[in-house]
Amino acid sequence: TSAATSAATSTATSTATTAATNAATTVGPTSTLEYAMKVSDSMLMVTVRLGRYSMAGVDLQVLSSSFSLNAPPHPQLVVNLPIPVDHEQAKAKLIKRSGYLKISAPLAHMES
């Protein structure tokens, strides 16, 4: 049986920074992953409370329009991004003291 996931989306304006705090929906006794998202003029930043101090067994995939995070025993977290990002330039860093994972990616350049 797989845990249910929820996708969170928000609308970003070109100059404003938006922030949203959400949690993945889950079924069963496992806890959810909470995250906060901020969008600026040039960067999208997501902070996920992993509650762990190692990336062992953690799988993060960043695409231009979404990211997914597998961090057992938590259910998979899938988030649709409010604006396209340059996924090839995405970076992630685990802050070991706090157990937070910080993901950042520059916004994709829109071709006109």
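As a reminder, the structure under discussion sits directly above these lines.
Here the focus is the overall build of the protein chain. Regarding its fold elements, the protein chain presents zero helices and eight strands. Taken from the N to the C terminus, the helices and strands of the protein chain come in the order β-β-β-β-β-β-β-β. Buried residues in the protein chain amount to 28% of all 112 residues. If you take every contact in the protein chain between residues at least 6 apart in sequence, the share linking residues at least 24 apart comes to 43%. About 6800 Å² of surface is accessible on the protein chain, with carbon and sulfur atoms providing 51% of the total.

The next point concerns the nonpolar core. Core analysis: the largest hydrophobic core is formed by 22 residues, its most contacted members being L44, V46, V48, L50, F67, L69 and L77. For this core, the secondary-structure elements that each account for two or more residues are β2 (34-39), β3 (43-49), β5 (66-70), β6 (77-80) and β8 (100-106). In contact with L50, not counting residues within four places along its chain, are L33, M55, L69, A71, H74, L94, G99, Y100 and L101.

Read from one edge of the open sheet, three strands run β4-β5-β6, paired in antiparallel fashion. Pairing within the sheet leaves two strands with one partner each, and these edge strands are β4 (59-62) and β6. This sheet shows a mean twist of 5 degrees between the axes of neighbouring strands, independent of strand direction. Bridge count between β5 and β6: four bridges; the pairing is antiparallel. Bridge pairing in β6 links S68 to V78.

Of all the five residues making up β5, four are buried; the element is thus mostly covered by neighbouring parts of the structure. Hairpin connection of β4 to β5: three residues between the antiparallel strands. A loop of six residues connects β5 with β6, the two strands running antiparallel in sequence.

Quick look at the pattern of salt bridges now. Scanning the model with the defined rule gives one salt bridge in all. R49 is the salt-bridge partner of E34, the closest N and O atoms lying 3.6 Å from each other. With E34 in strand β2 and R49 in strand β3, this residue pair connects regions lying 15 residues apart in the sequence. A residue is classified by how much of its surface remains accessible, and E34, at 34% relative accessible area, is partly exposed. Taking relative accessible area as the criterion, R49 reaches 40% and is therefore assigned partly exposed.

Rules and cut-offs
Within every chain, residues take consecutive numbers counted from 1 along the sequence as written. Reporting of local features is limited, given that this is a predicted model, to residues whose pLDDT is at least 70; pairs of side-chain atoms are given and counted only at 80 or more, and all residues count toward the totals for whole chains, interfaces and linings. As a rule here, side-chain values come from all non-hydrogen atoms in the structure, and water together with hydrogens is ignored. The way it works is that DSSP assigns letters per residue, a run of H or I at least four long becomes a helix, a run of E at least two long becomes a strand, and they are numbered from the N terminus. Throughout this description, buried means an accessible area under 20% of the type-specific maximum (1.4 Å probe, protein chains only), exposed means over 50%, and partly exposed covers the range between. Contact between two residues is taken to exist if any of their heavy atoms lie within 4.5 Å; hydrogens are not considered. Here the Shrake-Rupley method, with its probe set to 1.4 Å, supplies the accessible areas, and only the displayed protein chains count as covering residues. Nonpolar cores are built from buried Ala, Val, Leu, Ile, Met, Phe, Trp, Tyr and Cys residues. Side-chain atoms within 4.5 Å join them into one set. DSSP-based pairing: two strands are paired if at least 2 bridges between them are found. Here an axis means a line fitted to C-alpha atoms, over the contact stretch when the element is a helix, while the angle between two N-to-C directions is reported on a 0 to 180 degree scale. By convention in these notes, a salt bridge is any Lys or Arg side-chain nitrogen within 4 Å of a carboxyl oxygen on Asp or Glu.

Spatial relationships are all this shows, so hold off on functional conclusions.
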